[in-house]
Every structure is written in structure tokens, then in C-alpha cells.
Amino acid sequence: NKVDKAVATRSTKRAISIYCDMGRFDIAGRLERSLAVIEFQLGHWEEALAHYKKASNFLWGEMLLDSADASLQKVAECYMHLHEFEKASDTYVQLAKNCLSSNLRAPNCSQFLFNSLLVRMAIPFHTNPIKLDPVYDWKREVRQRTDEELFEDTEKATVTEYDRAVKEKYDSILDLTKSYESIDPNWISRKEQIFLKNIIKARM
């Protein structure tokens, strides 16, 4: 059977509005999630993101915590598809904090913290424009570089700036890694944290 997706989507949105008016946010959340799944499969990341967010909020309000967090994980995935890695990272931190609301879910906290830091490694580092210091002749007057000097000095400055940018990026991730101890006191000894440090050491 052929189905008009536009009509089906409008009908579902109308149903969500009705269920919200009735106070049945659990059903509204599941309907939002069904819309999100469709948009996600079509690669409409922004639309899927909006629906997954609403689904998570509705389901969390009804204390359907596992279902709410499942939608929140998809929110993080949507952010990654949109290359909004910092927001994806923050979403994983929120998931980690949510896990601590229950002893049964607490063991999952470290995995979400690890995901949060791993996503930040995808954020590109930024280099500053290369500016060479002036060179002087024997009279202490500024002179032009030879082609060979210009090539060598530019290459050295480029490598120096690249190293600075890489160190700045990974130092910020390591600082964030340490700050996560305030979220999970056991994070300092978690295998995920140790593995991440080894990854950073290898990349640097």
C-alpha cells in the first residue's frame, strides 16, 4: 500500500498535540520518536534531532528514563552527523549524569564520558596565520629573505604552529578528562580514561 508520508507526518504531529493536551506525554514521546526514526533514516539530521529531543523530554517527564536516554543518544548521533561535535560531547556528558540517578544504570556512566571525550577528538584544531619575524642585514636594516630562506623559515614556522595547535587541542581534552572526576569519582581509575590517554599520547 502506498502511503503519503507528508499526510502521515501531519497526522502524527496532530496526534502528538492531542496527547499532550490529554497529559499523555508517554504516548506523545513515543510518537515523536517514531517521527525521529523516519527523519533519521532519510538523513534529515536537523529534523530528526528536533524530534528526538522532544521525545527525550516527554519520556523523561514520565520517568521512562531508559527510553528517554535512548532518544538522547540519537540526539548525540544527529549532532555528529551535523559536525556539531561539541554539542554531541555535551549530550554524552548529560547521559553520563543521567546514569548516576540509578544504581542499575551507574556502570554506564564511564562509557558515556568516554564517548564525550572521543567525540571531541574529531573537532579540528585551528592554526594561526604564519607571520615571520623580520631579518636584518649586517647594517641592522631589514632585508628581504632569499627564496631558500623564505622556504626554510616558513616551513619551520608552520611546523611550530602546527605543534602548538595540536598540543592546545589535546591539552584541553586532558583537562576535561580530569574534570570528569567530579561527575564520576571512580573515573580516575576507569579503563576508558586510561585508554583515552594512550590514544592522545599516540596521536601527539
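Structural notes, computed from the coordinates. None of the values given here were measured: they were computed from a predicted structure.

Our next topic: the nonpolar core. Counting residues in each nonpolar core, the largest one holds 32 residues, and the members touching the most others are Tyr52, Leu113, Ile173, Tyr180 and Leu196. Residue assignment for this core shows that the elements contributing at least two residues are α2 (25-41), α3 (45-61), α4 (65-81), α5 (85-99), α6 (109-120), α7 (147-179) and α8 (191-203). Considering every element that reaches this core, the biggest residue donor is α5, with seven residues. Contact partners of tyrosine 52, with chain neighbours within four places excluded, come to Arg33, Ala36, Val37, Phe40, Ser71, Lys74, Val75 and Cys78.

Taken as a whole and assessed by the stated rule, the structure comprises 13 salt bridges. Salt-bridge contacts for arginine 30 lead to aspartate 26; the nearest nitrogen and oxygen are separated by 3.9 Å. Taken together, the positions of arginine 30 and aspartate 26, both in helix α2 and four residues apart, correspond to about one turn of that helix. Close ionic contact of glutamate 149 with arginine 143 constitutes a salt bridge, the shortest N to O distance being 3.0 Å. Three or more residues are tied together by salt bridges with common partners; here these are Arg24, Asp26 and Arg30.

The packing of two helices is summarised by the inter-axis angle and the distance between the axes. Between α4 and α5, whose axes approach to 7 Å, the crossing angle comes to 165 degrees. As the angle between them shows, α4 and α5 are arranged roughly antiparallel. For α4 against α5, the interelement crossing comes out left-handed. Residues Asp69, Leu72, Gln73, Val75, Ala76, Tyr79 and Met80 of α4 touch α5, and the partners they reach there are Phe85, Lys87, Ala88, Thr91, Tyr92, Gln94, Leu95 and Asn98. The residue inventory of the contact of α4 with α5, partitioned by class, reads nine nonpolar, four polar and two charged.

In this structure the tally under the stated criterion is seven aromatic pairs. Ring centres of phenylalanine 40 and tryptophan 45 lie 5.1 Å apart, and the angle between their planes is 75 degrees; this geometry places the pair in the edge-to-face category. Looking at tryptophan 45, the relative accessible area reads 23%, which means it is partly exposed. Arranged with centres 6.3 Å apart and planes meeting at 75 degrees, the rings of phenylalanine 40 and tyrosine 52 form a pair that is edge-to-face. Of the two residues, phenylalanine 40 sits in helix α2 while tyrosine 52 sits in helix α3, which places them twelve residues apart along the sequence. Under the relative-accessibility criterion, phenylalanine 40 is labelled buried at 16%. Take tyrosine 52: its relative accessible area is 4%, and that puts it in the buried class. Here a set of aromatic residues connected by ring pairs shows up, and it is made of Phe40, Trp45 and Tyr52. Over the ring of phenylalanine 40 we find lysine 74; its NZ or CZ atom is 4.0 Å from the centre of that ring. For the cation-ring pair, arginine 140 lies above tyrosine 136, with the distance from its terminal atom to the ring centre recorded as 4.8 Å.

Let us now look at unusual backbone geometry. Positive phi is not limited to glycine here, since histidine 83 has a value of about 65 degrees. Assignment of secondary structure puts histidine 83 in the loop between α4 and α5. According to the relative accessible area criterion, histidine 83 is exposed, its value standing at 60%. Of note, arginine 140 is a non-glycine position whose phi angle comes to about 65 degrees, a positive value. By the secondary structure assignment, arginine 140 is in the loop between β1 (135-136) and β2 (142-143). For arginine 140, a relative accessible area of 62% translates into the label exposed.

What counts and how
Residues numbered from 1 in each chain as written. Predicted model: local features only at pLDDT ≥ 70, side-chain atom pairs only at ≥ 80, totals over all residues. Heavy atoms only, no water. Core = buried A, V, L, I, M, F, W, Y, C linked by side-chain atoms within 4.5 Å. Buried < 20%, exposed > 50% of the residue type's maximum accessible area, 1.4 Å probe, protein only. Helix = DSSP H or I, 4+ residues; strand = E, 2+ residues; numbered from the N terminus. Contact = heavy atoms within 4.5 Å. Salt bridge = Lys/Arg side-chain N within 4 Å of Asp/Glu carboxyl O. Axes fitted to C-alpha atoms, helices over the stretch in contact; angles between N-to-C directions. Parallel < 35°, antiparallel > 145°, perpendicular 65-115°, else oblique. Left-handed = near helix turned anticlockwise from the far one by under 90°. Nonpolar A, V, L, I, M, F, W, Y, C, P; charged D, E, K, R; others polar. Phe/Tyr/Trp six-rings, centres within 6.5 Å; stacked < 30°, edge-to-face > 60°. Lys NZ or Arg CZ within 6 Å of the ring centre and 35° of its normal.

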